[in-house]
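Here are the chains, one letter per residue:
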Amino acid sequence: MSTQRGPVKIMGGPRGHGLGAVMVGEKSNNFKGTLVRLLGYLKPYWFASCCMILFVLLATLFNTLAPKILGDATTTIYNGIVNQTGINFTKLFYILLMLGGAYLLWGIFSYFQQIIMAHVAQKTMYSLRKDVDEKLSRLPLKYFDSQTFGEILSRVTNDVDTISNSLQQSLTQVINSVITFIMLLVVMLTVSPWLTLIAVATLPFSAFISAGVVKKTQKFFKGQQKSMGELNGHIEEMYGGHNIVKLFNHEKQVKDRFDEINEELYHNSRTATFASSIIIPLTNLIGNIGYVILCVVGGIMVAAGSLEIGAVQAFIQYLRQFNQPISQIANIANILQSTVAAAERVFELLDETEQIPDTKTPKTLNHIDGSVAFRHVSFGYSSEKILIKDLNMEIKSGDTIAIVGPTGAGKTTLVNLLMRFYEINSGGIYVDGIKTTEFTRSYLRNIFGMVLQDTWLFQGTIRENLAYGKESATEEEIISAAKAAHAHSFIKLLPGGYDFVLNEEASNISQGQKQLLTIARAILKDPDILILDEATSSVDTRTEVLIQKAMNNLMKGRTSFVIAHRLSTIRDATNILVMKDGDIVEQGNHKSLMEQNGFYANLYNSQFAQNNQA
C-alpha cells in the first residue's frame, strides 16, 4: 500500500438528530402554487372526476327543484282554501309524487358521487404516497443526518393523512357548493328577481369576512403543522432513549421541552381554530339579516298579489340553501389552510436534492478479486469544510486493513465512502480497477458485507433477519452461519428457536445477542469485501475470542476493512491505518508500528495496561 500525498484530514460525519437540525416552515407559503400542484395529482383520474361532477350536477338539480315543487303544493292547498273551491287532491298527489321522485334521485346521485370521489381520492393519495416513498429511497444519507426521524415520519404519515382526509371530504363539498350556488341563483331569478337581489346583496359582506379571516389564519395553520412535526420528533427521540433519560435524571428537562413544544402547538392550533371558526357564525348572522328582510318584502308582495305564497315559501328554502354553500365554502377554506400547509411540507420533501443518479451504462464484474484503491480522494460534508484531502491508498486483494484511532476521527466515514453512502468531492475510489461511480449503487453495495457497531434488526423472526441479505438462503445455510457466529446456541434456547419473533426495537434479546445476529447475517451473505465497524464492541471477552476466530475464517481470501477500538483484535491485519485529529498519522503492520513507538504504540500499551488493571 502506497503512502498518501498531502495532508489527509478525516473527521466524523454529522451524527446528531436533534430538533434544531431542521426548521420547517421558515420560507413563506406558496398557497396558490401548492394547491395547483396538489390538484395536478388528479389529472390521471380526469374521466372519473368528470363523472363525479356530472353526478354532483344531477344531484344538485333535483335538490334544487324540490323546494319549487313543494311550493307548488303549498300554493295548491292555499288557493283551494282561500278560493273555497276545495283542495285538488289529485293535483296534490302528483306534485308530492314528483317531490318524492326528486328526493329519491337526489339520494341516488349523491351516493354515486361519494363512491367515485372516494375512489379518486384514494388513488390520488396512493400516487402521492408512492412518490414520497420513492423519493426517500433517492435521498442522500446527509438528508437523514440533518432531519429528526420524527419529523420525517410526520411528513410521511400525518401530513399525507391530512391531505387524504381533506381531499376526500372537501373536494366534493367545494364542487357541490359551487354548482349548488350557481343553480340556486338561476332558479331564484326565475322565481323573483327582487327577492334574489336581496339575497345576493349579503354576499359581498360574507366574502369580505371569509377572505380576511383566511388570510390571517394561514400562518397559524403552517405553524400548527410545524409544531406537530417537532412534537413527533421529540417524542420519537425521547422514547428511543428513555433509559438514558432516566439514567441521567433528565425527566424534568424532557417534560419541560415537551411542554414547550406542546404549548406552541396549542397556541397555533387554538389561534387558527378560533380565528377560522368565527367565519360560519358571522356569515350566518349576515344571512339571517337577509332572511328577515326577505320575509318582510315577500309578505308585502304576497299581500299585494304580485307573488304567490308558495313562491315565497320556496324562496325562503332557497335562501337557506343559498347561504349553506357559502358557509360550506367558508368552512372548507378553513380546512384548506391545514391541507395546503401539510401539502407544502410534503412537497418540500419531494423537492429535496436527490443523490447523484446511477450511471446509464453501468459496469459489472464477472469475478471480483477485491482490490481497492483511493486515488486523490477529497471529501467534506460541506463544500466549505473539506475533511479528507488528497487521500491515496492501494489495497491488494485479500488484504486486511485495520483502521484505528480515537472516537470521532472519521474511521466510519472512510468506509461509508467506499459504498457511496456519501459522494466524494474529487478523486476516485476503485474496486478491481473500476471506479465505483461506474457501478450502480445496488451492485456496488452487493459486493460488500457490513457489520456495524450500531446493530439494526427489524420486527420479524430471527430466520427472516438472518436471511435479509440473502433471501434465497436455505435452512442449512442459515444454521451454518449462525453456528459460525456462535449464535446458534442461544437461538435454540429461545421460544420457537429460529422462528422467535423480534419486537420492533429487538429489545427482547440482549445487545450482545443482537450483535451476534448481525455478524451471522454478514457471514450468510458471503460478501466479496467485508467491513467490520467495531463488530465485537457489544460482546463479552470470551464471546469476542470465539467470534474473532469465526471472523478470521470469514476474512480469509477476501479483502476486509476492520474498524477496531480494541487493538488486540487487529494484530494480524495486513496494514493498520492510525488516525488522530483527522489525520492518518501512521500506517503499517502491528509489529512495525510497535517498533516506531509512536501514537499507535501508546494506544496499544494504554489498552494493555488497562486490561491488566481490570
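Each value, and the rule that gives it
Residues numbered from 1 in each chain as written. Predicted model: local features only at pLDDT ≥ 70, side-chain atom pairs only at ≥ 80, totals over all residues. Heavy atoms only, no water. Helix = DSSP H or I, 4+ residues; strand = E, 2+ residues; numbered from the N terminus. Contact = heavy atoms within 4.5 Å. Phe/Tyr/Trp six-rings, centres within 6.5 Å; stacked < 30°, edge-to-face > 60°. Buried < 20%, exposed > 50% of the residue type's maximum accessible area, 1.4 Å probe, protein only. Lys NZ or Arg CZ within 6 Å of the ring centre and 35° of its normal. Patch = residues over 30% accessible without salt bridge, like charges linked within 9 Å, V, L, I, M, F, W, Y side chains within 5 Å. Areas by Shrake-Rupley, 256 points an atom, 1.4 Å probe, with all protein chains shown as cover. Salt bridge = Lys/Arg side-chain N within 4 Å of Asp/Glu carboxyl O. Core = buried A, V, L, I, M, F, W, Y, C linked by side-chain atoms within 4.5 Å.

## Topic: the side chain of Asp159
Among the structural elements, Asp159 can be located in helix α5 (residues 149-191). Each residue touching Asp159, except ones within four places of it in the same chain, is listed here: Ser154, Gln225, Ala342, Arg345 and Val346.

## As for the packing of aromatic side chains
Given two aromatic rings, their pairing is described by the distance between the two centres and the angle made by the two planes. Scanning the model with the defined rule gives 14 aromatic pairs in all. Here the aromatic rings of Tyr143 and Phe144 are separated by 5.5 Å at their centres, their planes lie at 85 degrees, and the arrangement is edge-to-face. According to the relative accessible area criterion, Tyr143 is buried, its value standing at 7%. Three or more aromatic residues joined by ring pairs form one cluster here, namely Phe55, Phe62, Phe109, Tyr111 and Phe112. Above the plane of the ring of Phe347 lies Arg37, whose end atom (NZ or CZ) is 4.3 Å from the centre. Its end group placed over the ring of Tyr126, Lys123 keeps NZ or CZ at 5.6 Å from the ring centre.

## A short note on a nonpolar patch on the surface
A cluster of nonpolar residues, Leu104, Leu105, Ile108, Tyr111, Phe112 and Ile115, forms a patch on the protein surface that exposes about 560 Å² of accessible area. Mapped onto the secondary structure, Ile108 falls in helix α3 (residues 89-138). Here Ile108 falls in the partly exposed class, since its relative accessible area comes to 36%.

## What about the nonpolar core?
Ranked by size, the top nonpolar core spans 45 residues in total, and within it Ile462, Leu517, Ile570, Ile576 and Tyr600 carry the most contacts. If one sorts the elements of this core by residue count, helix α17 (residues 511-525) sits on top with 7 residues. Listed in part, the 41 residues of the second largest apolar core include Ala59, Ala73, Met125 and Tyr143.

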